[in-house]
Every structure is written in structure tokens, then in C-alpha cells.
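One-letter residues, chain by chain:
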Amino acid sequence: MFYLGCHPLEFFKESEVLGRILRCTTTHAYAVNKRFINKLIDDSGFFKSYPCIDGYIGNLGRLPQNKVYMSLKNLVTQKGDFSDIEGHDVDYTHLFKDKYRYNIVEKPNGW
């Protein structure tokens, strides 16, 4: 899985341009390969009890076998608009500005 845009809560640097996500939120732009899309479809029952996609896929990176990456520069920003989940207009663009710089962590042991 590769995030084109997100609010990274916890990630470590893999290279000068690539980070590996442990936790993120504000999921709004991502790409998945065939193997990973099957995982999302197989686990889709999760969304019946919890309608927020961030609660599920935002934490998939905590498992070492789930390879969840991001660009170290946010490529896509979510514009402010109406949120079905929140029930009102929201604008999260302020979350993206410094999070890529401040939420970096050390690479976990064994990764």
C-alpha cells in the first residue's frame, strides 16, 4: 500500500524520499496492489461496525508483514469539504504541514 496523501502519526524513514507508515489518519489518497486489495476486501466486515476507514487501514502498518509506505513529501492534500463521518464541513489541511517532519520515529527492531 502506498499513501499519496495522509496525516502520518508515526512513520520511519526508509530512504531519502520514502517512509514506512506505522500509523496514520486522514486517509484520502492511496494505491494498493492486488495482494493488498484482497486483504482489504477480506476484512471489509470491519466497516459494518466502524464506518471510519482510518480506524482500520490507518493502523495496518503496525504489522511488519503489511508493507505500508508514503512519500516523505505529501503528494495529495485533502481539501476542506463536508464530512459524512463528522456530519459537518471540515478542513484538515493544517494537519499536513508539519506532520511529515515531526512524527518520524526510529525504525522498530526486527524491521
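On a predicted model such as this, the values are computed, not experimentally measured, just so you know.

Caption draft 1: Region of interest: the environment of leucine 72. Structurally, the position occupied by leucine 72 is in the loop between β3 (69-71) and β4 (81-83). Residue leucine 72 is classed as partly exposed on the basis of its relative accessible area of 22%. Taking the C-alpha atoms as reference points, leucine 72 and aspartate 84, separated by twelve residues in sequence, lie 29 Å from one another.

Caption draft 2: Highlighting the pattern of salt bridges. For the structure on display, the rule yields five salt bridges. The partner of arginine 23 in a salt bridge is glutamate 10, and the shortest N-O contact between them spans 2.9 Å. Here arginine 23, found in strand β2 (residues 18-31), pairs with glutamate 10, found in strand β1 (residues 2-13); they are 13 residues apart in sequence, far enough to count as distant. Residue arginine 23 is classed as partly exposed on the basis of its relative accessible area, which comes to 28%. The class of glutamate 10 is buried, set by a relative accessible area of 18%. Several salt bridges share partner residues, and in doing so they unite Glu10, Arg23 and Arg62 into one network.

Caption draft 3: Region of interest: the nonpolar core. Within the largest apolar cluster, 13 residues are counted, with the highest numbers of intra-cluster contacts made by Tyr3, Ile21, Ile57, Leu60 and Val68. Residue assignment for this core shows that the elements contributing at least two residues are β1, β2, α1 (34-42) and α3 (54-57). For this core, the leading source of residues is β1, giving three residues. Setting aside residues no more than four positions away along its own chain, leucine 60 makes contact with Phe36, Lys39, Leu40, Asn66 and Val68.

Caption draft 4: Quick look at unusual backbone geometry. Positive phi values are uncommon outside glycine, yet threonine 26 reaches one of about 55°. Take threonine 26: it is sitting in strand β2. Looking at threonine 26, the relative accessible area reads 8%, which means it is buried.

Rules behind the numbers
- Residues numbered from 1 in each chain as written.
- Predicted model: local features only at pLDDT ≥ 70, side-chain atom pairs only at ≥ 80, totals over all residues.
- Heavy atoms only, no water.
- Helix = DSSP H or I, 4+ residues; strand = E, 2+ residues; numbered from the N terminus.
- Buried < 20%, exposed > 50% of the residue type's maximum accessible area, 1.4 Å probe, protein only.
- Salt bridge = Lys/Arg side-chain N within 4 Å of Asp/Glu carboxyl O.
- Core = buried A, V, L, I, M, F, W, Y, C linked by side-chain atoms within 4.5 Å.
- Contact = heavy atoms within 4.5 Å.

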